[in-house]
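Residue-level structural notes
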Amino acid sequence: MKKLFLLFSLICCLPSWGANKMKPWFNDKNLILTGVYYYPEHWKESEWERDFKQMHELGFEFTHFAEFAWAQLEPEEGKYDFAWLDRAVALAAKYHLKVIMCTSTATPPIWLTRKYPEILLKDEKGFSQDHGARQHASFSSPLYRELSYKMIEKLAQHYGNDSRIVGWQLDNEPAVQFDYNDAAQKEFRHYLSDRYQNNISQLNDAWGTSFWSETYSSFDQINIPQMSLMFMNHHQILDYRRFAAKESSDFLNNQCLLIKKYAQNQWVTSNYIPDYSAGHIGKSKDFDFVSYTRYMVYGDDDGIGDRGYRVGNPLRIAYANDFFRPITGVYGVMELQPGQVNWGSINPQPLPGAIRLWLWSVFAGGSDFACTYRYRQPLYGTEQYHNGIVGTDGTTVLPGGREYEQFMKEIVALRKTAKDKAVVPTDYTARKAAILFNPENSWSIDRQKQNKLWDTDRHINHYYKTLKSFGAPVDIIDESKDFSHYPILIAPAYQLADEALVDRWRKYVEQGGNLVLTCRTAQKDRYGRLPAISFGGMISSLTGDKLDFYDLLLDGRTPGKVSFDSKDYDWNTWGEILIPGKDTQVWASYDSEFYKGKAAVTHRTLGKGTVTYVGVDTKDGELEANVLSKLYKELNIPVMDLPYGVTIEYRNGMGIVMNYTDKDYTFQLPKGAKILIGSADIPVAGVLVFAD
Ligand code: GAL
């Protein structure tokens, strides 16, 4: 009887996995599930049980297998061995660890590479990669795809109906390859001939090939563009980058469909590096959701204060959350560093507390799981200096491991009273904003920057950073989303546009939306060509402005000045001199140069909504921040005023405040709030969790 009760209470405390109707894969009551990578093939089999036992005792709920194990799974072509993996899965299950299974397409075995060297990636200079590292196979090679699919299908047949396997990760950090392999050249030509209805004059028109005698007479004359050539046709590059992104997402999507033939109640995802401008994330349509990997401390100095490099950039996880979550509404974090890494410019120890801070940041953004790379520190191979949850002896828990343990205990305690994920305060949702993002804009701008100091990411970040200081929930979205869900929609430097998009913006505004457009928006068509209308004229009827001309200033000289509400702000990267229409208010004007007094920022009402146009990119983003403050004020939406480095989010009826600054921060708790974790005085790298 006692035994039965024990078993029952153990089952009650274990998270439940699997489908429910409203939200298929994860259960809100679990808050977040935490797991860790394990590579059985790296360790003596006699140690596996000890490791899984300790993993479970620390609080981990799942593990992650077979990510790079193709050589062990298919030691010879067509000969498969899953027996060792079966034993690992069984032992993990003994310690209540569910498993994420992987497709090891990032590491082809040597028999494959030697027998079929044509699958190797080739760079622009013709250099082919070789066995001995990883990620050296071409996603465009039909042969590589075929061999991958064969192995994946066997794995899916074997594990697809196994309830110990909760989901699948495809490949590892799949990238968009700039691959000059012959197969890729061939595929690129097919792609173009489909895109342009097998009509070469359509392509010549889209690419403007009358310029410099670039005209093609057939698709098979076209090569992958040489990206390193300064004067390479940038319309061609735009199409090539679309193609390259598609090659990765198609390969992954095919893997996904194959697994879904066999998978019973198992989800499929991949673990992307948040390389926002690569163009493939979210484009494999059959995935259940996307997940990301994120490393915070690796020698970059963009944290706050002297020791900020030990904590990391305060918005690095927040931005990834806000980018990945809106894709399907569900996301996970597949890799977070457990301590020192081995590949940075300098690999310092994270500040005590920082690892737990990252975990809470992942939770705050809405993730359903957090997983760390990796359980044991490797004893050999490329990543010997990379920390694990435990150190080189395989059992001593490292400081980062202890922070994981603490986080997992905190989560388990909070599960007892957890509310649904969607329970958040109304003043928080009232501030909600979306940033419209399309990587093609930066592909296009980057080939014709006009000012070497221009930085599209920095430009977007000025707006993002401001919204986070307001305590606003932000979704980074693409054009597939319904804009009307957002009171505020910002399209920063959205260079490539067409009439259909401008119409959608107009409708959004007329029906009550508040649109913020910024410089460099809608100045080119989707092929990267300037339309034969006045420069920037595609959005004139929306903003009410005409664009007179734009100016760029030399760095290191007296900066340009722009005046807004009696204060001057410096700028030099991009300034558009606007001619406002009759019903357009001028919010800011230039305060220097021969266009002193001319409009830089305008605002107007249109239908039930508003359009704000910010024609200038400033150095520090303070002008942009104050423009957004003014807009929120005009709209009567109260905002917070958090210092850079302090972020707040809500989920499951809880507020989570994170301190990435170099000072303690005292948070003004809302009336009646109850502290669940931490205190209102939040130390450096500390976290406060309260019930709202
Ligand atoms: C990631 C990668 C992992 C591991 C890790 C080391 O980028 O996905 O496989 O190499 O880096 O920090």
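Provided above is the structure to which this section pertains.
Residue indices begin from 1 for each chain and proceed along its sequence in written order. Under the rules for a predicted model, residues below a pLDDT of 70 receive no local features and side-chain atom pairs below 80 are neither given nor counted, while totals for whole chains, interfaces and linings still include all residues. Water and hydrogen atoms play no part in the side-chain values, which are based on all heavy atoms of the structure.

Glancing now at the overall build of the protein. For the purposes of this entry, the term helix denotes a DSSP run of H or I that reaches at least four residues, the term strand denotes a run of E that reaches at least two, and both are numbered from the N terminus. If you tally the helices and strands in the protein, you get 18 helices and 25 strands. With C-alpha atoms as the basis for the radius of gyration, the globule rule is written as 2.2 Å multiplied by the number of residues raised to the power 0.38. On C-alpha atoms alone, the protein measures out to a radius of gyration of 27 Å, which is about the 26 Å that the 2.2 N^0.38 rule sets for 692 residues. For the protein, the C-alpha atoms occupy an extent of roughly 85 × 70 × 45 Å along the three principal directions. Here the protein holds 692 residues, and 59% of them are scored as buried. Taking the contacts inside the protein whose residues are at least 6 apart along the sequence as the reference set, 72% of them involve residues at least 24 apart. Method for areas: the Shrake-Rupley scheme with a 1.4 Å probe, in which residue coverage is limited to the protein chains shown. Only carbon and sulfur atoms are counted for the fraction: they give 53% of the accessible area of the protein, which is about 28400 Å². We call a residue buried when its accessible area falls under 20% of the maximum for its residue type, exposed when it is over 50%, and partly exposed in between, using a 1.4 Å probe and counting protein chains only. Whether two residues touch is decided by their heavy atoms; if any such pair falls within 4.5 Å, the residues are in contact.

Attention now goes to the packing of aromatic side chains. Think of a pair of aromatic rings as described by two things: how far the centres are apart, and how the planes are tilted against each other in angle. Two rings from Phe, Tyr or Trp (for Trp, the six-membered ring) form a pair when their centres sit within 6.5 Å of each other. Planes less than 30 degrees apart are called stacked, planes more than 60 degrees apart edge-to-face, and all others tilted. Within this structure, the stated rule accounts for 56 aromatic pairs. For the pair Tyr 240 and Phe 243, a centre-to-centre distance of 6.0 Å together with 40° between the ring planes defines the contact as tilted. Placement of both Tyr 240 and Phe 243 in helix α9 (residues 234–262) is noted, with a separation of three residues, approximately one turn of the helix. Overall, Tyr 240 belongs to the buried group, its relative accessible area being 1%. Relative accessible area serves as the criterion here: at 3%, Phe 243 is assigned to the buried category. Put simply, the rings of Tyr 276, Tyr 292, Tyr 319, Phe 323, Phe 324, Tyr 331, Phe 437 and Tyr 464 pair up and form one aromatic cluster. Any Lys NZ or Arg CZ found within 6 Å of a ring centre and within 35 degrees of that ring's normal is scored as a charge over the ring. Positioned over the ring face of Trp 43 is Arg 376, at 3.6 Å from the centre of the ring. If you follow Arg 504 out to its NZ or CZ, it ends over the ring of Phe 483, 4.0 Å from the centre.

Angles run from 0 to 180 degrees between N-to-C directions of axes, and those axes are lines fitted to C-alpha atoms, restricted for helices to the stretch in contact. Contact geometry of helix α6 (residues 142–159) with α9 gives a least axis separation of 8 Å together with a crossing angle of 30°. On the basis of their axis angle, the class for α6 and α9 is roughly parallel. Pair α6 / α9 crosses with right-handed handedness. Only Glu 247, Asp 250, Phe 251, Asn 254, Gln 255, Leu 258, Ile 259, Lys 261 and Tyr 262 of α9 make contact with α6, whose side of the interface consists of Tyr 144, Arg 145, Ser 148, Tyr 149, Ile 152, Glu 153, Ala 156 and Gln 157. Charged means Asp, Glu, Lys or Arg here, nonpolar means Ala, Val, Leu, Ile, Met, Phe, Trp, Tyr, Cys or Pro, and polar covers whatever is left, Gly included. Of the residues assigned to the contact of α6 with α9, the class counts are eight nonpolar, four polar and five charged. We call two directions roughly parallel when the angle between them is under 35 degrees, roughly antiparallel when it is over 145, roughly perpendicular when it lies between 65 and 115, and oblique otherwise. Rotating anticlockwise by less than a right angle from the far helix to the near helix defines a left-handed crossing, while the corresponding clockwise rotation defines a right-handed one.

Residues are labelled near a given molecule or strand when at least one of their non-hydrogen atoms is within 4 Å of it. The immediate surroundings of the ligand are formed by Phe 68, Arg 134, Asn 172, Glu 173, Tyr 295, Glu 335, Trp 343, Tyr 373, Glu 383 and His 386. One of the side-chain nitrogen or oxygen atoms of Asn 172 is found 3.1 Å away from an oxygen atom of the ligand. Residues adjacent in sequence count toward polar contacts only when both atoms are side-chain atoms; beyond that, a polar contact is any pair of N or O atoms within 3.5 Å, and within protein one must be able to donate a hydrogen and the other to accept it. Note that an oxygen atom of the ligand is positioned 2.6 Å from one of the side-chain N or O atoms of Glu 173. Relative to its unbound accessible area of 310 Å², the ligand is 94% covered by the protein chains. Looking at the shell around the ligand residue by residue, the class counts come to four nonpolar, two polar and four charged.

Let us now look at the sheet that holds strand β23 (residues 674–677). Read across the sheet, four strands follow the order β20-β21-β25-β23 without closing on themselves; strand pairing throughout is antiparallel. If you trace the sheet from one side to the other, it starts and ends with β20 (646–651) and β23, each paired once. The sheet shows a mean angle of 25° between the axes of neighbouring strands, taken without regard to direction. Each pair of strands is called paired provided DSSP finds at least two bridges between the two strands. Inspection of the sheet shows β23 paired to strand β25 (residues 687–691) by three bridges, in the antiparallel sense. Its bridge partner being in β25, Lys 674 is matched across the sheet by Ala 691. On the sheet, helix α11 (residues 354–364) packs against β20, β21 (654–659), β23 and β25 and is oriented at approximately 140° with respect to β21.

Our next topic: helix α2 (residues 45–58). Expected helix span is given by 1.5 Å per residue-to-residue step, counting one fewer step than there are residues. For α2, spanning 14 residues, the distance from its first C-alpha to its last is 21 Å, which sits close to the expected 20 Å at 1.5 Å a residue. Those residues of α2 lying buried are Glu 47, Trp 48, Asp 51, Phe 52, Gln 54, Met 55 and Leu 58. Projection of α2 onto a plane perpendicular to its axis shows the buried side chains occupying an angular sector of 170°, all on one side. The exposed residues of α2 that point more than 90 degrees off its buried face are Ser 46 and Glu 57. Against the buried residues of α2 lie β1 (33–37), β2 (62–65), α4 (83–94) and α12 (399–415). With its phi angle positive at about 120°, Gly 59 sits one or two positions after the end of α2. In this description, one arc is meant: the one made by directions from the helix axis to the C-beta atoms.

As a further point, take the nonpolar core. Buried Ala, Val, Leu, Ile, Met, Phe, Trp, Tyr and Cys residues that are joined via side-chain atoms within 4.5 Å together make up what is termed a nonpolar core. Phe 52, Phe 65, Met 101, Trp 360 and Leu 467 are the most contacted members of the largest nonpolar core, which has 134 residues in total. Not counting the four nearest positions on each side in its chain, Phe 52 is found in contact with Tyr 38, Phe 65, Ala 88, Leu 91, Ala 92, Tyr 95 and Leu 97. Core analysis: the second largest hydrophobic core is formed by 26 residues, Met 538, Ile 539, Leu 547 and Leu 606 among them.

As judged from the three bridges shared by strand β14 (residues 560–564) and strand β16 (residues 585–590), these two strands associate in the antiparallel manner. For Phe 564, the partnering residue across the bridge sits in β16 and is Ala 588. Sheet topology places β16 next to strand β17 (residues 599–606); four bridges connect them, and they run antiparallel. Paired with Ser 589 across the strands is Ala 599, a residue of β17.

Checked against the element boundaries, Pro 109 lands in the loop between β3 (98–103) and α5 (110–115). Along the backbone, Pro 109 and Gly 132 are 23 residues apart, and their C-alpha atoms lie at a distance of 9.7 Å.

Salt bridges are defined by distance alone: a side-chain nitrogen of Lys or Arg within 4 Å of a carboxyl oxygen of Asp or Glu. All told, the structure shown has 44 salt bridges when counted by the stated rule. Close ionic contact of Asp 368 with Lys 421 constitutes a salt bridge, the shortest N to O distance being 3.2 Å. With Asp 368 in the loop between α11 and β8 (369–372) and Lys 421 in the loop between α12 and α13 (426–430), the pair connects residues that are 53 residues apart, well separated along the chain. The two residues Asp 368 and Lys 421 agree in class, both being buried. The partner of Lys 619 in a salt bridge is Asp 555, and the shortest N-O contact between them spans 3.8 Å. A residue pair is termed long-range when its members are at least 10 positions apart, and Lys 619 in the loop between β19 (616–618) and α18 (622–634) and Asp 555 in the loop between β13 (545–551) and β14 qualify at 64 residues.

Turning our eyes to something else, we now look at a nonpolar patch on the surface. A cluster of nonpolar side chains, namely Phe 211, Trp 212, Met 230 and Phe 231, defines an oily patch on the protein surface of about 570 Å² accessible area. Mapping Met 230 onto the fold places it in the loop between α8 (200–207) and α9. Any residue with relative accessible area above 30% and no salt bridge may belong to a patch, with like charges joined within 9 Å and the nonpolar Val, Leu, Ile, Met, Phe, Trp and Tyr side chains within 5 Å.

Our focus in this paragraph is the side chain of Asn 514. Within the secondary structure, Asn 514 sits in strand β12 (residues 514–518). We classify Asn 514 as buried; its relative accessible area is 7%. Within the structure, the side chain of Asn 514 is placed 2.7 Å from the side chain of Thr 610, a separation counted as a polar contact. Apart from the residues lying within four places of it in its own chain, the contact partners of Asn 514 are Pro 487, Ile 488, Leu 489, Tyr 508, Gly 609, Thr 610 and Leu 635.

To continue, consider α8. Buried residues of α8: Ile 200, Leu 203, Asn 204, Ala 206 and Trp 207, and no others. The buried side chains of α8 occupy one side of the element, clustering within an arc of 165° when seen end-on. Where α8 is buried, its residues touch α7 (182–195) and α9.

Right, let's talk about the state of the cysteines for a bit. Put plainly, a disulfide is one covalent bond tying together the sulfur atoms of two cysteines. In plain terms, two cysteine sulfur atoms within 2.5 Å form what is called a disulfide here. With the rule as written, the count across this model stands at zero disulfides. With no disulfide partner, Cys 256 has as its closest neighbouring cysteine sulfur the one in Cys 102, 14 Å distant. Of the residues examined, Cys 256 reaches a relative accessible area of 0% and is grouped as buried.

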